[in-house]
Amino acid sequence: MENNQGHWEIRNMDDKTVYKKVSNTKEIHYFYSNNKIRRISLWDQGIEVKLIIQFNGSTMTEYNDKGLKSYEGEYSDSIDLNYPRHGKGEEYGADGKTLIFKGSYHNGKRHGRGILYQNNKIYRKAVYLDGYSSLDLLITLLCMLAMIVAFYTIDVFLGLAATVIVDLLII
């Protein structure tokens, strides 16, 4: 650490992080009770300015920048992984009330079966793999297949054009 700047952290006797300095004035505080994580919050110049995550047994509640609920569900009890979403949970929209996803998570990403909601109604059921829906993966696979077919069967020029179009669609 040079000129009292940079990243540092203080650990208690159990080697659990108590707080991490993230800038000259801001720190992330981790609060424990009976050796279990209870809450994580942002502090600025010694004042708590934002609750980030609150824990209650095997459930955690994450909050967005406006202090509204963005996730509620199971988590992995690991400070090294920064307590990621893990297991069953629900995501909420910017208003903190509107359900937008209900399903499974693995290491912070949607993984397994889930349901997407729009206007408080089921929009689509999907299976996720490491954060990507099966529909997204299928579209990507079909685009890649079309690109390969165009490249090898029609003409090199058309293959290159198809590659550019697929790249633009993915972006």
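No experiment lies behind these values; they were computed from the predicted model shown.

Among the nonpolar cores identified, the biggest contains 17 residues, and Y30, I37, I40, F55, M60, Y75 and Y83 are the most heavily contacted of them. For this core, the elements supplying multiple residues, two or more each, are β3 (26-33), β4 (36-44), β5 (47-56), β7 (69-75), β9 (99-106) and β11 (121-129).

On the surface, L135, L138, I139, L142 and L145 cluster together into a nonpolar patch covering about 450 Å² of accessible area. By the secondary structure assignment, L138 is in helix α1 (residues 134-154).

With the rule as written, the count across this model stands at 7 aromatic pairs. Both rings, one in F101 and one in Y105, keep their centres 5.7 Å apart while their planes meet at 85°; by these two values the pair is edge-to-face. Pair check on accessibility: F101 and Y105 agree, each one buried. Residues F101 and Y128 carry aromatic rings whose centres are separated by 5.4 Å and whose planes lie at 85° to one another, so their mutual orientation is edge-to-face. With a gap of 27 residues between them, F101 in strand β9 and Y128 in strand β11 connect regions that are remote in the sequence. The same class applies to F101 and to Y128, which are both buried. Members of the aromatic cluster, each reached through a chain of ring pairs, are Y71, F101, Y105 and Y128. Positioned above the aromatic ring of Y92, the side-chain terminus of K69 is 4.5 Å from the ring centre. The ring of F101 has R110 lying over it, and the distance from NZ or CZ to the ring centre is 4.1 Å.

With that out of the way, let us pick up the pattern of salt bridges. Taken as a whole, this structure holds 7 salt bridges when the rule is applied. In this structure, the salt-bridge partner of R39 is E48, at a minimum N-O distance of 2.5 Å. With its nearest N and O atoms 2.9 Å apart, the salt bridge here joins R110 to E91. Taken as a pair, R110 in strand β10 (residues 109-118) and E91 in strand β8 (residues 85-92) lie far apart in primary sequence, 19 residues in all.

Our focus in this paragraph is the side chain of E62. Here E62 is to be found in strand β6 (residues 59-63). In this structure, E62 is in contact with I52, I53, L68, K69, S70, Y71 and R85, ignoring residues within four places of it in sequence.

On average, residues of the chain carry a pLDDT of 81, and 76% of them reach 70 or more. Low pLDDT (under 50) marks residues 1-8, which in the prediction has 11 contacts with non-local residues, meaning those over four places away or in another chain.

It is worth spelling out unusual backbone geometry at this point. Residues apart from glycine generally show negative phi values, whereas peptide bonds are mostly found in trans. Even without a glycine there, the phi angle at N107 is positive, about 50°. Here N107 is to be found in the loop between β9 and β10. Exposure remark for N107: the relative accessible area of 43% places this residue in the partly exposed category. Phi at N119 takes a positive value of approximately 55°, unusual for a residue other than glycine. Inspection of the secondary structure assignment puts N119 in the loop between β10 and β11.

Mapped onto the secondary structure, I52 falls in strand β5. Between the C-alpha atom of I52 and that of Y63, which follows or precedes it by 11 residues, the distance is 5.4 Å. Beyond its immediate chain neighbours, meaning those up to four positions away, I52 contacts I28, I40, S41, L42, T61, E62 and Y63.

Rules and cut-offs
Residues numbered from 1 in each chain as written. Predicted model: local features only at pLDDT ≥ 70, side-chain atom pairs only at ≥ 80, totals over all residues. Heavy atoms only, no water. Core = buried A, V, L, I, M, F, W, Y, C linked by side-chain atoms within 4.5 Å. Buried < 20%, exposed > 50% of the residue type's maximum accessible area, 1.4 Å probe, protein only. Helix = DSSP H or I, 4+ residues; strand = E, 2+ residues; numbered from the N terminus. Patch = residues over 30% accessible without salt bridge, like charges linked within 9 Å, V, L, I, M, F, W, Y side chains within 5 Å. Areas by Shrake-Rupley, 256 points an atom, 1.4 Å probe, with all protein chains shown as cover. Salt bridge = Lys/Arg side-chain N within 4 Å of Asp/Glu carboxyl O. Phe/Tyr/Trp six-rings, centres within 6.5 Å; stacked < 30°, edge-to-face > 60°. Lys NZ or Arg CZ within 6 Å of the ring centre and 35° of its normal. Contact = heavy atoms within 4.5 Å. pLDDT = per-residue confidence, 0-100.

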